[in-house]
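Residue strings, one per chain:
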Amino acid sequence: MMNEYVTLHESNGRYALKFERFFPHNPEEVFRVITNPIYFSQWYPFATGEMDLRLDGKIAFDDGEGTTYNATVTELEKPYLFGFREVDDLINISLREEGKGCRMIFTHTFNDGSWAVNTAAGWHRCLDVLYQIVNGHPVDRKDNSAELREYYREVLDRIR
């Protein structure tokens, strides 16, 4: 697996799934890709590319099955912090300088722990796409969901 570190914490019935990945780019470059609506819609599920990038700004989503909804930007500190509330879930992305690049900490906080394995596998694939975009590579969505679910089943069982 990629240079990645994952943890899962449970607190008060909520679960926080945290990924850490290193990018060989400075935080400004990575932040610019993460918050660019065109790129955001390529790596983030259901994103439409409509984004009002300011505190309390809205991010539009469409699940492709007739449901549209908005997330609300809850944290925005260029180029280190981007967070939003998507229905009941919280997404927080922080970047910190490290060596010749930066470390991204991506945290998804949600209610149903039974979805942790599937959620981890899904985010792994999304973050692979983000990594490809940040590094200027063509987007290649590998069909590796089953393999990733098995991997995260083992990893999350070990850390629970």
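In case you missed it, the structure is sitting above this.
These numbers were taken from a predicted model, which means no experiment stands behind them.

Visitor: Account for helix 4 (residues 145-159), naming residues and giving values.
Guide: An ideal rise of 1.5 Å per residue puts 21 Å on 15 residues; helix 4 measures up with 21 Å between its terminal C-alpha atoms. Listing the buried residues of helix 4 in full gives Ser-145, Leu-148, Tyr-152, Val-155 and Leu-156. Around the axis of helix 4, the buried residues are gathered within 95° of arc, so they sit on the same side. Of the exposed residues in helix 4, those oriented more than 90 degrees away from the buried face are Ala-146, Glu-147, Asp-157 and Arg-158.

Visitor: An account of the pairing of strand 4 (residues 58-62) is requested, with residue identities and associated values reported.
Guide: Note: strand 3 (residues 47-51) against strand 4, 2 bridges, orientation antiparallel. In the sheet register, Met-51 faces strand 4, and the bridge partner there is Ile-59. Between the end of strand 3 and the start of strand 4, which pair antiparallel, lie 6 residues, with Asp-56 showing a positive phi angle near 70°. Following strand 4, the chain reverses through 5 residues before pairing antiparallel with strand 5 (residues 68-77); Gly-64 in that reversal takes a positive phi of roughly 80°.

Visitor: Describe the nonpolar core, and please don't skip the residues or the numbers.
Guide: By size, the foremost hydrophobic cluster in this structure holds 43 residues, and its most contacted members are Phe-40, Trp-43 and Phe-82. When residues in this core are grouped by element, the largest group, 11 residues, is from helix 3 (residues 116-134). Residues within four places of Trp-43 in sequence aside, it is in contact with Val-33, Ile-34, Ile-93, Phe-106, Cys-126, Leu-127, Val-129, Leu-130 and Ile-133.

What counts and what doesn't
Residues numbered from 1 in each chain as written. Predicted model: local features only at pLDDT ≥ 70, side-chain atom pairs only at ≥ 80, totals over all residues. Heavy atoms only, no water. Helix = DSSP H or I, 4+ residues; strand = E, 2+ residues; numbered from the N terminus. Expected span 1.5 Å × (residues − 1). Buried < 20%, exposed > 50% of the residue type's maximum accessible area, 1.4 Å probe, protein only. Arc of directions from axis to C-beta. Pairing = 2+ DSSP bridges. Core = buried A, V, L, I, M, F, W, Y, C linked by side-chain atoms within 4.5 Å. Contact = heavy atoms within 4.5 Å.

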